[in-house]
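Residues per chain, in single letters:
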Amino acid sequence: MPVDVIAIEGISYSYGGIEVLSDVSFSMQRGDYIGLVGPNGSGKSTLIRLILGLVSPARGSIRIFGLPNTGFRDRGRIGYVPQKINFFNPHFPSTVAEVVGLGLVNDSRRKTAGGSTGQAVEHALDLVGISHLRKTLIGDLSGGQQQRVFIARALVSNPELLILDEPTTALDPETRDNFFNLLHQLNHANRVSIILVTHDIGSIGAFASKLLYLDKKVVFYGSFDEFCLSAHMTSVFGPSSQHIICHKHG
Ligand code: ADP
């Protein structure tokens, strides 16, 4: 039986004694494309930080690729695009190619495979359409261009799991469409597993294969067809919102 990409069982997490995730369980299989949705403060970013191994759960267990999640040991297998990129010092004298190359720093697989860093960076820049900016300083780019640099940085290690936290907020509509096409291609052709955190619950059904609706607990996890047919979800969202979310009806 194939190993789950993510297996989370009964995890809870608190900040300063206030529980923000409570008894969360779900599993993700290779090729799943999960839309992670929930109100502000529902614990989405905290769940991502737990999956990335940045924090540990108070209770429960997390296994990533079948292994206990003890930090960034297997970072090359996970590509992460953070929500906020404004932590970056705009005067930092790094080129676009150098920032994208940082995505390979902890890649344990590449060290053994012996691939060329330059080629991997070029390929990632090409995927997000910014090859021409490779020598530009990161501080000289627009917000949308910087976001593409961070997407390229996440893709450069050829990850098996891609996690994106509200990645399209700074993108113009055309770049946004290209970006969703790129995710579709990675998911379908390369079977990259994807978790996309989004506020856009009305659109995610057009892209993702599964919905994880979080509100401190798992309110719903399953396919959009299951969401559409769930009487419980009708009672939570009302029939009209339920079918806007599931995207199965014109
Ligand atoms: P979401 O990503 O769904 O908006 P978060 O995971 O960021 O939710 O936050 C969940 C809850 O935890 C919120 O109530 C938030 O205020 C709180 N929280 C998040 N980060 C911290 C932190 N570093 N310290 C204290 N409370 C936090």
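Above this text sits the structure in question.
Owing to the predicted nature of the structure, the values given are computational and were not obtained by experimental measurement.

Novice: What is the right way to look at the site of the ligand in this model?
Specialist: Surrounding the ligand, one finds Tyr15, Val20, Pro39, Asn40, Gly41, Ser42, Gly43, Lys44, Ser45 and Thr46. Here the ligand, which alone exposes 560 Å², has 55% of that area covered by the protein. Examining the composition of the shell around the ligand, we find that three residues originate from one element, helix H1 (residues 44-51), more than from any other. Split by residue class, the shell around the ligand holds three nonpolar, six polar and one charged.

Novice: Can you help me understand helix H5 (residues 143-155) in this one?
Specialist: Residue pairs three or four apart in sequence face the same way in an α-helix, which turns once every 3.6 residues. Relative to the 18 Å expected for 13 residues at 1.5 Å per residue, H5 spans 19 Å between its end C-alpha atoms, a close match to the ideal helical length. For H5, the tally of buried residues reaches 10 of 13 residues, placing the bulk of the element in the interior. Those residues of H5 lying buried are Gly144, Gln146, Gln147, Val149, Phe150, Ile151, Ala152, Arg153, Ala154 and Leu155. Elements that come into contact with the buried residues of H5 comprise strand S6 (78-81), helix H2 (96-101), helix H4 (117-127), strand S7 (161-165) and helix H6 (173-189).

Novice: Is there a simple way to think about the packing of aromatic side chains in this case?
Specialist: Counted under the stated rule, the structure contains seven aromatic pairs. The positively charged end of Arg77 is found above the aromatic ring belonging to Phe65, 4.0 Å away from the centroid.

Novice: What is the right way to read unusual backbone geometry from this model?
Specialist: Across the chain, the bulk of peptide bonds are trans and the bulk of non-glycine residues have phi less than zero. One non-glycine residue, Arg191, lies in positive phi territory at about 55°. Note on placement: Arg191 falls in the loop between H6 and strand S8 (193-197). Classification of Arg191 by relative accessible area gives partly exposed; the value is 40%. Notably, Lys216 is not glycine yet its phi reads approximately 70°, a positive angle. Mapped onto the secondary structure, Lys216 falls in the loop between strand S9 (210-215) and strand S10 (217-223). By relative accessible area, which is 36% here, Lys216 ends up partly exposed.

Novice: Can you help me understand the pairing of S10 in this one?
Specialist: Along any regular strand, the residues point their side chains to alternate faces of the sheet. Sheet topology note: the S9/S10 ladder contains six bridges and is antiparallel. Bridging across to S10, Leu211 finds its partner in Gly222. Taken together, S9 and the strand that follows it, S10, pair antiparallel across an intervening segment of one residue, in which Lys216 is found at a positive phi of about 70°.

Novice: Is there a simple way to explain the environment of Ile11 in this structure?
Specialist: Mapping Ile11 onto the fold places it in strand S1 (residues 6-15). Classification of Ile11 by relative accessible area gives buried; the value is 0%. Those residues in contact with Ile11 that sit more than four places away from it in its chain are Leu21, Ser22, Asp23, Val24, Leu47, Leu50, Pro57, Arg59, Gly60, Ser61 and Ile62.

Novice: Looking at this model, I keep getting lost on the environment of Glu9. Mind explaining?
Specialist: On the secondary structure map, Glu9 appears in strand S1. Residue class for Glu9 comes out exposed when judged on its relative accessible area of 55%. The spatial distance from the C-alpha of Glu9 to the C-alpha of Ile62 is 6.6 Å, given a sequence separation of 53 residues. Sequence-distant contacts of Glu9, that is, excluding residues within four places in its chain, are made with Val24, Ser25, Gly60 and Ser61.

Novice: Sorry, what's going on with the sheet that holds S8 here?
Specialist: In a beta sheet, neighbouring strands are held together by backbone hydrogen bonds and run either parallel or antiparallel to one another. Pairing in this open sheet of six strands is mixed, and the strands run S6-S7-S8-S3-S9-S10 from one edge to the other. Since the sheet does not close on itself, it has two edges, and those belong to S6 and S10, each with one partner. Across the sheet, the axes of successive neighbouring strands diverge by a mean angle of 15°, strand direction being ignored. Pairing of strand S3 (residues 33-37) with S9, which is carried by four bridges, proceeds in the parallel orientation.

Procedures and definitions
Residues numbered from 1 in each chain as written. Predicted model: local features only at pLDDT ≥ 70, side-chain atom pairs only at ≥ 80, totals over all residues. Heavy atoms only, no water. Near = heavy atom within 4 Å. Areas by Shrake-Rupley, 256 points an atom, 1.4 Å probe, with all protein chains shown as cover. Helix = DSSP H or I, 4+ residues; strand = E, 2+ residues; numbered from the N terminus. Nonpolar A, V, L, I, M, F, W, Y, C, P; charged D, E, K, R; others polar. Expected span 1.5 Å × (residues − 1). Buried < 20%, exposed > 50% of the residue type's maximum accessible area, 1.4 Å probe, protein only. Contact = heavy atoms within 4.5 Å. Phe/Tyr/Trp six-rings, centres within 6.5 Å; stacked < 30°, edge-to-face > 60°. Lys NZ or Arg CZ within 6 Å of the ring centre and 35° of its normal. Pairing = 2+ DSSP bridges. Axes fitted to C-alpha atoms, helices over the stretch in contact; angles between N-to-C directions.

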